[in-house]
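The residues making up each chain are set out below.
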Amino acid sequence: MAEIALELDIAAPRPVVLAALTTHDGLTSWWTTEVQREGEVLLLDVPGDPEPYRLRREPTGPDRVVWTNAGAFPPHWAGTWISWDLTERPDERGDPGHRTRLLLRHGGWQPGSEEGVPLVAGTWAQLLVRLKDYAQSGRAQPLFTKGGHHHAP
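Bear in mind that the values here come from a model prediction, so they are computed numbers and not experimental data. (Residues numbered from 1 in each chain as written. Predicted model: local features only at pLDDT ≥ 70, side-chain atom pairs only at ≥ 80, totals over all residues. Heavy atoms only, no water.)

The antiparallel open sheet is built from seven strands, whose spatial order is β1-β7-β6-β5-β4-β3-β2. Of all strands in the sheet, those with a lone pairing partner are β1 (4–10) and β2 (34–38), marking the two edges. Across the sheet, the mean angle from the axis of one strand to that of its neighbour is 20°, orientation sign disregarded. Where strand β5 (residues 64–69) and strand β6 (residues 81–89) come together, five bridges link them in antiparallel fashion. Paired with W67 across the two strands is I82, which belongs to β6. On top of the sheet, helix α1 (residues 14–22) reaches β1, β2, β4 (53–58), β5, β6 and β7 (99–107); it is set at about 165° to β6, its chief contact. Sheet strands in contact with helix α3 (residues 117–137) are β1, β5, β6 and β7, and its direction is about 15° off that of β1. (Pairing = 2+ DSSP bridges. Helix = DSSP H or I, 4+ residues; strand = E, 2+ residues; numbered from the N terminus. Axes fitted to C-alpha atoms, helices over the stretch in contact; angles between N-to-C directions. Contact = heavy atoms within 4.5 Å.)

Moving on, we come to the packing of aromatic side chains. Applying the stated rule across the entire model yields nine aromatic pairs. Aromatic side chains Y53 and W77 sit 4.9 Å apart centroid to centroid with 70° between the ring planes, which places their arrangement in the edge-to-face category. In this pair, Y53 sits in strand β4 while W77 sits in the loop between β5 and β6, placing the two residues 24 residues apart along the sequence. Take Y53: its relative accessible area is 14%, and that puts it in the buried class. Ring plane angle 80° and centroid distance 5.5 Å describe the contact between W84 and W124, whose orientation is recorded as edge-to-face. A residue pair is termed long-range when its members are at least 10 positions apart, and W84 in strand β6 and W124 in helix α3 qualify at 40 residues. W124 carries the same exposure label as W84, and that label is buried. A connected cluster of aromatic rings, assembled from ring pairs, spans W30, W31, Y53, W67, F73, W77, W84 and W124. (Phe/Tyr/Trp six-rings, centres within 6.5 Å; stacked < 30°, edge-to-face > 60°. Buried < 20%, exposed > 50% of the residue type's maximum accessible area, 1.4 Å probe, protein only.)

The peptide bond linking F73 to P74 adopts the cis configuration, its omega dihedral lying at -10°. Its place among the elements puts P74 in the loop between β5 and β6.

In this section: the packing of α1 against α3. Two elements in contact, α1 and α3, have axes separated by 9 Å at closest approach and are oriented at 130°. As judged from the angle between their axes, α1 and α3 are oblique. Here the hand of the crossing between α1 and α3 comes out right-handed. Taking contact as the criterion, the partners of V16, V17, A20 and L21 in α1 are, on α3, L131, Y134 and A135. Residue composition of the contact of α1 with α3, grouped by class: seven nonpolar, no polar and no charged. (Parallel < 35°, antiparallel > 145°, perpendicular 65-115°, else oblique. Left-handed = near helix turned anticlockwise from the far one by under 90°. Nonpolar A, V, L, I, M, F, W, Y, C, P; charged D, E, K, R; others polar.)

Below, the structure is given as structure tokens:
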């Protein structure tokens, strides 16, 4: 079964990265400007797509965020889950808590849906660059905006 796994180091403390993954302001700063919630379900609207992505946030601790697909769109995401593992890393001087290693995994792809994995992996790579930039600089640059796809990093 296919699984996407991407890892990167971010020069920001774990709570900053966690907030980027769990708060409205965080998500709208790197993913899409159109984020809503229905309880624990995130609705992420991507311009041009017929309906929002629906991701249910599962209960976890401060070092992990897990979302499960909770909608019918996109069809190839049926049964998938997304996990974000955060690990504090020392900075260049060895001081703890100033850097975060982030491991993104997107798995649970059903047989026959694997053909969409390369495109999804490429989009995750673009999103992670924006997440890293936002966590490090505080500058919002979501990949998707109401006017369409935002190209400039």
